[in-house]
Amino acid sequence: MLLSAATQVSSLNFNYSNFDQARDRKDFDLANGDSNIYKDALQITRDTRQSSLANSSGRILYKERFKLWRDNRSVVASFNSTFKLNISPESGVPGPVGEGLAFIITGNRTLPNNSSGQWLGIVNEQTNGSSQNQIVAIEFDTRKSYSEDVDSNHIGLDVNSVYSIFQYPLEEWNVSISSGKDVNVNVKYDAPSKSLSIDLSMVVNEGNTNSTPVITMPIDLSRYLPEDVYVGFSGATGNQTQLNCVRSWTFMVENIEEGMNMKLMWILVGILVPMLFCVGGTSCLWWRRSRQGESPPPVLPTEKPSFMWPVVTNFSESFSIYNIEKSSSNGSS
């Protein structure tokens, strides 16, 4: 039983073609009141039921963690995720949108305070750049918030900061992530090559899709993230607003716990088998010695004896009669 328990493993694989509040709410951590499940989608920031969409930030994470690496980072997991995002302007509100949405992997479930606006629910002004954030994000940025932003329609790779280490503008591929059209995104991490690849496609109309080439970025996730991590989305609005929605999501990760459990099993086998032989041998020796030293069991009579003494019911009376008879016999002699 112990060995079978040691080999039981679980892998974080899931598939949501849409989202239902009653059915799926239990599967996710919603960081604050701004995040919700509504209209068959993950609403990362405030949705249309709120009086204002401005200055909102949120996070939605899958509740279960997965093991990113083990054995002092010598074994790292690869993963593959596909999701459909929809970023649309607030109805009836003219002008530019903002700020963006991000796919995140993190060791920390907590949404930072004051992380609306350019901080995208990833960090805030005080924590930006700190390794304690334990977060890597792929941002879908819809506003040029600081001078290093390439434009207001790009993806970026962020490590513990919103200042991206890689940025890729999307305009040349005719992909507008804030157009209100669905954008299909595929994110793959290949652990052996330490590379993260992303590709996007946007359905313009029936039979017409605009796609980017596969964008590959070198990164060793195990350098920046803890052993066990969460996966999900964050987002934010500022004075400019937008609806940040995820309409479907699949996620598959390599199960690196299996090797760890097999290793544990063989350690247990190495410990338990000698113990069982030792206990079994000692018990067998004790049993043999105890059998050799014991006497045969007594043979109990099974037949009624031919003679039995009479049963004495009154000892004092019998004694008196015995004395009288003895005295009489002595006197006659």
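These numbers were taken from a predicted model, which means no experiment stands behind them. (Residues numbered from 1 in each chain as written. Predicted model: local features only at pLDDT ≥ 70, side-chain atom pairs only at ≥ 80, totals over all residues. Heavy atoms only, no water.)

Peer 1: Even after reading the chapter, I still don't get the packing of aromatic side chains, so can you show me in this structure?
Peer 2: The geometry of an aromatic ring pair comes down to the distance between the two centres and the angle between the two planes. Under the definition given, this model contains 19 aromatic pairs. Centre to centre, the rings of Phe28 and Tyr62 are 5.7 Å apart; their planes meet at 80°, and the pair counts as edge-to-face. Highlighted residues: Phe28 in strand 2 (residues 28-30) and Tyr62 in strand 5 (residues 57-62), separated in sequence by 34 residues. Lying across the ring of Trp69, Arg73 places its NZ or CZ 4.2 Å from the centre. (Phe/Tyr/Trp six-rings, centres within 6.5 Å; stacked < 30°, edge-to-face > 60°. Helix = DSSP H or I, 4+ residues; strand = E, 2+ residues; numbered from the N terminus. Lys NZ or Arg CZ within 6 Å of the ring centre and 35° of its normal.)

Peer 1: Looking at this structure, I do not really get the pattern of salt bridges. What am I missing?
Peer 2: Oppositely charged side chains can form a pair if their charged atoms are brought close together. For the coordinates displayed, the defined rule picks out 10 salt bridges. One salt bridge in this structure joins Arg109 and Asp29, with 3.0 Å as the shortest N-O distance. Placement of Arg109 in the loop between strand 10 (100-106) and strand 11 (135-141) and of Asp29 in strand 2 is noted, with a sequence separation of 80 residues between them. Assessed through its relative accessible area of 44%, Arg109 is described here as partly exposed. Residue Lys67 is joined to Glu227 by a salt bridge in which the shortest nitrogen-to-oxygen separation is 3.2 Å. Taken together, the residues Lys67 in strand 6 (residues 66-67) and Glu227 in the loop between strand 17 (215-218) and strand 18 (228-236) connect sequence positions 160 residues apart. The class of Lys67 is buried, set by a relative accessible area of 12%. Under the relative-accessibility criterion, Glu227 is labelled partly exposed at 27%. (Salt bridge = Lys/Arg side-chain N within 4 Å of Asp/Glu carboxyl O. Buried < 20%, exposed > 50% of the residue type's maximum accessible area, 1.4 Å probe, protein only.)

Peer 1: Help me understand the side chain of Thr237 in this model?
Peer 2: Inspection of the secondary structure assignment puts Thr237 in the loop between strand 18 and strand 19 (243-253). Engagement of the side chain of Thr237 in a polar contact is seen with the backbone oxygen of Leu53, the distance being 2.5 Å. Residues contacting Thr237, with those up to four places away along its chain left out, are Thr45, Leu53, Ala54, Asn55, Ser56, Gly98, Glu99, Ser116, Gly117, Gln242 and Asn244. (Polar contact = N/O pair within 3.5 Å; in protein donor to acceptor, adjacent residues only side chain to side chain. Contact = heavy atoms within 4.5 Å.)

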